[in-house]
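In case you want the letters, here they are:
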Amino acid sequence: MDSGDNTSTMSCKFCGEAFSLPEDDVDGNLPRMLLCAHIYCTSCLLSLHHHGVIECPECEVESTLPEGGVFGLQEDSRIIGLVYTSKMNRMKRCDRSRNRKKPKISPSKDVKADTEGPEQPADVEKIKLVDEALEQAAESHAALENIHETLTNGLTEQLRRERARLEAEIKRAADEASHAVQKWKDVQLSQLTKLEAEFSSSQSEVSCVQKRMKALEIAMQMAREVRRVPILEQYCTLDKVVETLQAPVDKQLYDMKCITMGSGMSCVFWSECLNQSLEISLKMEDGVPKQLSESPPKDLQPSDSSRKSPKGRNRNCVSPEPDQESPGAISSPSRGSNRSDPGTPDVILEELLIEGQEKAPPPTGPELANDNWRIQSRTTSVSFGNKRNVTQWVVVSHVVNPSHFYVRYVAEKRDSEFISKKINHFCCGDGCRFTSCDAVEIGSLVFVKREEGLWFRARLVEVFQDGCVEAVKVCPVTQLASVRVFFLDSGLGKRLAIEREEETAESSLKAVNDRLRKVGEGVKVELSYFVPQAVRCSLKDLVPYDLTKGWSKEAQLEFLSVVGSAAVEMRPLGQDRDSLLVDLRKAPMDQSRDVPISVREYLVFIEVARFYCPVKLSRRPLLYYPPKHPKINTELNAVVSHINNPADFYIQLVDNMEFVLLSAKLQDCYGATTVTEADDLSIYCPDIEQACVARYKDTLWYRAQVIGHPGGRQVEVQYVDFGNKKVVSVSDLRKIKDEFFALPSRAVRCCLSDVIPPDGKRWSDACSHRFSSLAHQKLVTIVATGQVPKSEPLPVKLFESPLNGPLVNIAELLVREQMASFKEGLQSSDAGEESAIWDSPLELGLSTDAQEQDVSGEQSEEPLEFHPQLTLPDQLKDLKVRVSHVNSPSSFYVQFTQYDAQLKRMCELVKEEVELTEPEHLEWKEDEFCAALINGVWERGRICSHVTPEDSAEVMRCDHGNKVKLHVSNLRTLPLSLTGSLALECSLTDIRPAGGRSTWTATACDLISFYLTGASAVMTIKELTDERPVPVTLFCSNKMGQSISIADFLASEGLALRERKPRDAAIQKSKEADAQSPVSETQTDGSDGAEKQTPAAPSVAPSAAPSVAPFSSVVSTPKPARRTIMSAEKVKTGSYDPPELPCLGHIQISVSAVGEDGLIYTRTRNQEGQLEQLRDRIQQSMKTLPRQKPYTWKSVQGCAVIGPDMLWYRGTLLEVLGGHVKVQYVDSGLVENIPVVHVYPMLLCDDVPQLCMPCQLHSINPVGGRWQRDAVALLREVLLNRCVDMRVTELPSDLRGPLTVELFLDGLSLNRILCHHEHASMDQTVSAQKGHSEVSPALLLDDWDIDIKDLRGPEEPMLGPFIYPDLPQVGEQFQVRVKHLWTPNVLFLWPLEGTADVEVDGETLDEALTRINANISALQRLSNFRQGGPCLAEYSDGKFYRARMIRFCSVEPVEVLVQHVDFGSDDTLPTRKLRQMPAELLRFPSRALKVRVAGFKAPSVSSQEDVLPYSPAWSVKAAMEMIDMLHGNITASVVAREPELTVLLYDEDEELVHLPLVSSGLAEFE
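Residues numbered from 1 in each chain as written. Predicted model: local features only at pLDDT ≥ 70, side-chain atom pairs only at ≥ 80, totals over all residues. Heavy atoms only, no water.

Comments concerning a negative patch on the surface
Together, E1548, D1549, E1550 and E1551 give the surface a local cluster of negative charge. Within the fold, E1548 resides in the loop between β80 (1542-1546) and α29 (1555-1559). (Patch = residues over 30% accessible without salt bridge, like charges linked within 9 Å, V, L, I, M, F, W, Y side chains within 5 Å. Areas by Shrake-Rupley, 256 points an atom, 1.4 Å probe, with all protein chains shown as cover. Salt bridge = Lys/Arg side-chain N within 4 Å of Asp/Glu carboxyl O. Lys, Arg positive; Asp, Glu negative; His and termini not counted. Charge placed at Lys NZ, Arg CZ, Asp CG, Glu CD. Helix = DSSP H or I, 4+ residues; strand = E, 2+ residues; numbered from the N terminus.)

Considering the sheet that holds strand β11 (residues 445-449)
A sheet is described by the order of its strands in space; here five strands give the open sequence β15-β14-β12-β11-β16, paired in antiparallel fashion. Each edge of the sheet is formed by a strand with only one pairing partner; in this case those strands are β15 (493-497) and β16 (516-518). The mean angle between the axes of side-by-side strands here comes to 45°, regardless of whether they run parallel or antiparallel. Judged from the five bridges that link them, strand β14 (residues 480-487) and β15 form a sheet pairing that is antiparallel. Across the sheet, the residue bridging to V483 is L496, located in β15. Against the sheet, helix α9 (residues 413-428) makes contact with β11, β12 (455-465) and β16, and its axis sits at roughly 60° relative to β12, the strand it touches most. (Pairing = 2+ DSSP bridges. Axes fitted to C-alpha atoms, helices over the stretch in contact; angles between N-to-C directions. Contact = heavy atoms within 4.5 Å.)

Observations regarding the sheet that holds strand β72 (residues 1455-1460)
Taken together, five strands build an open sheet; the order of strands is β73-β72-β71-β70-β74 and the sheet is antiparallel. Looking at the sheet topology across the chains shown, the edges are occupied by β73 (1466-1470) and β74 (1474-1475). Pairing of strand β70 (residues 1430-1434) with β74, which is carried by two bridges, proceeds in the antiparallel orientation. In the sheet register, L1432 faces β74, and the bridge partner there is R1475. With respect to the sheet, helix α27 (residues 1405-1414) is in contact with β70 and β71 (1440-1450), its orientation differing from that of β71 by roughly 70°.

Notes on helix α28 (residues 1516-1525)
By the burial criterion, the buried members of α28 are A1518, A1519, M1522 and M1525. One side of α28 carries all its buried residues, which in axial view fall inside an arc of 125°. Considering only its buried residues, α28 is in contact with β66 (1373-1383), β76 (1496-1497), β77 (1507-1508), β78 (1511-1515), β79 (1530-1536) and α29. (Buried < 20%, exposed > 50% of the residue type's maximum accessible area, 1.4 Å probe, protein only. Arc of directions from axis to C-beta.)

Considering the state of the cysteines
Applying the stated rule across the entire model yields zero disulfides. The closest cysteine sulfur to the non-disulfide-bonded C432 is located on C427, 5.4 Å from its own sulfur. Using a relative accessible area of 5% as the deciding quantity, one classes C432 as buried. (Disulfide = S-S within 2.5 Å.)

Description of the packing of aromatic side chains
Enumeration according to the criterion identifies 23 aromatic pairs in this entry. Ring centres of W1208 and Y1240 lie 5.6 Å apart, and the angle between their planes is 45°; this geometry places the pair in the tilted category. Separated by 32 residues along the polypeptide, W1208 in strand β56 (residues 1208-1217) and Y1240 in strand β59 (residues 1239-1240) bring together distant segments of the chain. Each member of the pair W1208 and Y1240 is classed as buried. Relative to F1463, the ring of Y1441 has its centre 5.5 Å away and its plane inclined at 85°; by these criteria the two rings are edge-to-face. Remark: F1463 occurs in the loop between β72 and β73 and Y1441 occurs in strand β71; sequence separation between them is 22 residues. An aromatic cluster is present here, built from Y696, Y702, Y719 and F722 joined pairwise through their rings. (Phe/Tyr/Trp six-rings, centres within 6.5 Å; stacked < 30°, edge-to-face > 60°.)

Some thoughts on the pattern of salt bridges
One pass over the full model with this rule turns up 42 salt bridges. Across the pair R165 and E162 runs a salt bridge whose closest N-O atoms are separated by 2.2 Å. Here the residue R165 and the residue E162 both occupy positions in helix α3 (residues 121-176), the gap between them amounting to three residues, near one helical turn. Considered together, R165 and E162 belong to a single accessibility category, that of buried residues. Between D732 and R695 there is a salt bridge, with its nearest N and O atoms 3.1 Å apart. Taken together, the residues D732 in the loop between β28 (725-729) and β29 (733-734) and R695 in strand β25 (residues 691-696) connect sequence positions 37 residues apart. Of the residues examined, D732 reaches a relative accessible area of 8% and is grouped as buried. Take R695: its relative accessible area is 16%, and that puts it in the buried class. Each of E157, R160 and R161 takes part in one network of salt bridges that share partners.

Some words on the environment of S47
Locating S47 in the fold gives a position in helix α1 (residues 42-48). Expressed as a C-alpha distance, the spacing of S47 and V70, which sit 23 residues apart in the sequence, is 9.9 Å. In this structure the side chain of S47 is engaged in a polar contact, spanning 2.7 Å, whose partner is the backbone oxygen of C44. (Polar contact = N/O pair within 3.5 Å; in protein donor to acceptor, adjacent residues only side chain to side chain.)

Focus on the nonpolar core
Counting 40 residues, the largest nonpolar core has F405, F559, L584, V717 and L733 as its most contacted members. Residue contributions to this core peak at four residues, all from helix α12 (residues 553-563). Setting aside residues no more than four positions away along its own chain, F405 makes contact with V396, H398, V399, V400, V535, R536, C537, S538, L539, F559, V582 and L584. Formed by 33 residues, the second largest nonpolar core is a distinct cluster that contains L870, V886, L982 and M1019. (Core = buried A, V, L, I, M, F, W, Y, C linked by side-chain atoms within 4.5 Å.)

Re the confidence of the model for the chain
Predicted confidence across the chain gives a mean pLDDT of 76, with 74% of residues reaching 70 or more. Across residues 273-277, where pLDDT falls below 50, the model places five contacts with residues more than four positions away in sequence or in other chains. (pLDDT = per-residue confidence, 0-100.)

Re the pairing of β70
Most of β70 sits out of view: five of its five residues are buried. Here β70 shows no split at all, with P1430, L1432 and E1434 on one side and C1431 and A1433 on the other all buried. Taken together, β70 and the strand that follows it, β71, pair antiparallel across an intervening segment of five residues, in which G1438 is found at a positive phi of about 85°.

Here it is as structure tokens:
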């Protein structure tokens, strides 16, 4: 070999240095082999090894070094041999060159003299012959290289040309079949990778040249070696080598004409109309390729050849002659069939779309086992024609009817046999047998044994249980009666009865296992790789011969007879839901014919079926009743169900519940139909105007009517109850039952009256979209303005239904926005209508003057003059707004809906001013106005902060209120004429933050922002000032459509407190209001709770607007009748008589209620008896409910109340809260919010005084000046429904005022209890020398002379504290075990050395506790409950452990909080679970050490919602993860001992345990 060929072989691939052999004292650089078989030099391996392992630089496989290290690796003997041979050759060449320089030197006796023998004259001739042969071989090799280059370049150019041409033709053909060939085109393009196989002749020629070149190279190599080492002649046949070298190259022997201009293949598009359906085919044709000119490869420039186009090609893609041969055509093997004849197209596409090949889970039934899924699940490569759009061989496995049958692919026979063997193998084991604990469920996969004794997989369709007539979803195996199964691999549905010999569980289980076997999870996963073999199919465009009877039994039998059990050709033609639309072709019985028989045509020929051909029959189909039109000039509520444009939309009248029941009944009837019922109700050839039931979006069924036939087994239907139209498949239609014809169509076709398009011709899309946003799927008020035939749209006026404001005419709104115009002679009702209001809303809170002012304000509202700055309307009540941004209840921004046009105009002006300007390098200052580009829209903004170094600034959107950060390149200078704002900053009145805070909580801000941002609302400005925010009240609609106050909503959620006003002030204000408007009456609006005033007769005289022409003068339109308004009845009731007060001194009372203000309501024993008599008297007198009327509640004091128990009570009205009122039960003192319908302004048994007395505690001051919630809760806990001793210290001057009293609980003063719990303090200013003051009976005990001489002392000894163990020194490490976790950085742990082995009197602590627990009954119960005292506490395992008392948790029952000193955990226990601790246990030190873990702390910002309630800084997730990390061997190191024991914890790898918490964001470093 030439040395140049071995340069890369004999050098290291990593460093490039040559391998060398060791010589004398010089170490060689030998090649050594790694485990991955890659070879590197010794020097590189010495530098790469690390800890006895070398990672291969090429493949990164690690190799472990043997004992000798790098020198122990195996040496590559092949390369060493080459190195040695190269070295010897160099030595020989050097010797030969020296010999040539000195030819007269006599031969020596050295061994090398033998190599000089061939230089004799006899061998010179041979050497010359070899040299000549080498020269001739070099010329031949050059010629062969030229031929090889010509062929390879020509082949490459040929492939490139042919690929480009075929790509162009394939794309051109794909464009002609635009609706079906997109996926087909991708398949064809992917097959072009196999185009090289079409040029087999060129490849064979190239292969021959390569073989000749290889043989010549070998001969040349052998000749060179013989030339260099003549002694090698004896090892080869020199004559044959010379003959090979001298063999000439004859170009005639190589077929240069194999390089052609193309393969002769072309793509053909062909279409034909058959049976009113379009059939399209795409075919790869074979033709005669054109020859390529024999030009040298250098002349074949790609740029020139790419511009050349083959001439004479048929651009119309005409099919070739039948007798043409196509040897180079691409074969398209189909499923079980060879390529079709040239006259048959390769691919037939008819309304066929191949789904994407995404990964999807296996289907659950044969309905989904179509070819799409099979193609996805293939593991082998899919050939060119192995798709769903080619002919395939199948076997019909089960037939329901010609529109519902199942087939199995012949090509999957081997898979089927493999699955069968696998299933039967599974069923042979015991793992698939059912047990008595198993149950079967509908839809589960099971193995079923057929009659032939084999097991098959199936899915449970129905399950029947013993004793149940109907099918159940789940049934225990032992109670199984029968099942209906569906075989996945055949499509057969069958019912199997479980026949048992005896009525026992064992017999039932045996009977089930004889027919069924369960499928485990592992088996299910293994079988999921095999798709169901049965594929549901339907003969395309074939319907029953008699449509009224459906498919006959004869059609099923004929279909079975013609297909039989032999394989037939299946030609896919499309897909309809879960069925393939196909045609089956059977081989002809007559051998003389080669045309297959079409099963579809055969069934049509014998008249058991016919082709689908939609025609309109002469008979008139059964139609729905037309919709019921509303009466003229009558207001009705409706929902706009569908909108085409303002002149064509549909409404649904909201009148009754019959249509809701109709929809539910439709779903029950058609949504739960079985396969058999669905076939009975199927429609095969729908007629125009035929009534039916159609599926909508694959879910629900609705009444519909067929209105068109677009073709392709699809129909256009209109849903008669909604008005919308949709194109659906015929399979989505069902026959409608007669019972669903009872109700008329619900959708009423309407049009807006009095308006036309602005151009008078066509409604714009913008107008239709705006109309949809105003009315679609919304509750509106409609008024029909005329009568029209049922076929024409009904002219109506459409009104929005706002929360509290007047109705808004949508037509007039479209006219204002310049999207519509009034018909000639008409104008806006706001400008010309009489002052009479159409169906005026119930406004009972406005005075006559206010209403006149409102009417005049509405009349002058349009046209609005454009102002860049917001100008508030004159009427500040019931303003329609849109909340644009919310900061808090005290700061939010609203936009007035009446200024929407101005807001739109403002954006257009800003855009016109700054859109074409370039960014300016300005120094933006705070509070400076600017134009800002936000989300692609130019808006007005105001700079809120200085520009940051990143050239960004915070900008507030002037017309919205929120702030955004923008780059300065998005800012422009705003002209002064456009500065201003159209958003108003507001604040809710009458509420304040809860919890005594001065600012709103984040919860309150987030809640109001969530509900209000972007919402429409009705706002009333309380006080108009120049300061911002403006105080307002805001009302929004809830999910029930009720208007609620946002302030009341926040108060009900506990996020705000109401600003209460004194009742006297409210009564005085009401009296003043009555005096100012004596003709007005009030009524409480049940929706928002605001009291409104309205005139008794809401009519306005025509003279109110004399200058405005009445609307009726222009068009004579009948006016609707005004709504009758029920005026509120003005009532007034007095108060119930005050209670009878007791005398000063001690009395026994019972507490009935404790108010939020700390007042205690009590009853004496006499009043208790009177209350029982009063209850009987009230219930006997109130037999029926009084008639409910709207009342004015401001003059009502005493009232009658229906309580939550539906019994009558006496009450006092405190406050009106919207639809509720706050009342106080006068006989118990309890305060509740009652719906207004349960309160009546009448007195019950007014001769009986109030039976409860309000009391206030004597000489005590609550903390903070008022009673807090905790104090009120404690009062209710200790006083409610309890008899106590009360000392009356002072009587009130007002008989209705509270008594001043002292209460005693078992002799203990309630005042002292409250002071002990730090809820109050004693009033030191109260004089103790009042003459009428009395001493508590409990205090009189202090003056008794009690003899304590013989009294015994406490039996329980006073024990000392626990002994703490010896703490380790700072820096000392010790093994620990964590026993209790308080927070992630506060733990209780056990040192594993020292404390556990402490013995006292030869006994450890565990042994002592075991001995004491064995005789725990001998220990006395704990009687001394001092804080910090030791005791024995019972744990959840029933044993007692050492504990320390912390504090009392509750008084009734008495419970004590203790801490287990040896574990660190806390427990709340009753006194019966506490025992006196023997003193000997105090001699053992405490085991659990409370430590703080250093190095980390709680995160400053946490995104976790669940937090520890006793330490909110830590999340529950952090605590749980810390617990998981503390398992195992933990080592502690003391960091500090004062002020608390602080340690660092390490895990088994000597890593800090808290590092994962910090890395996950659940903690942060200290």
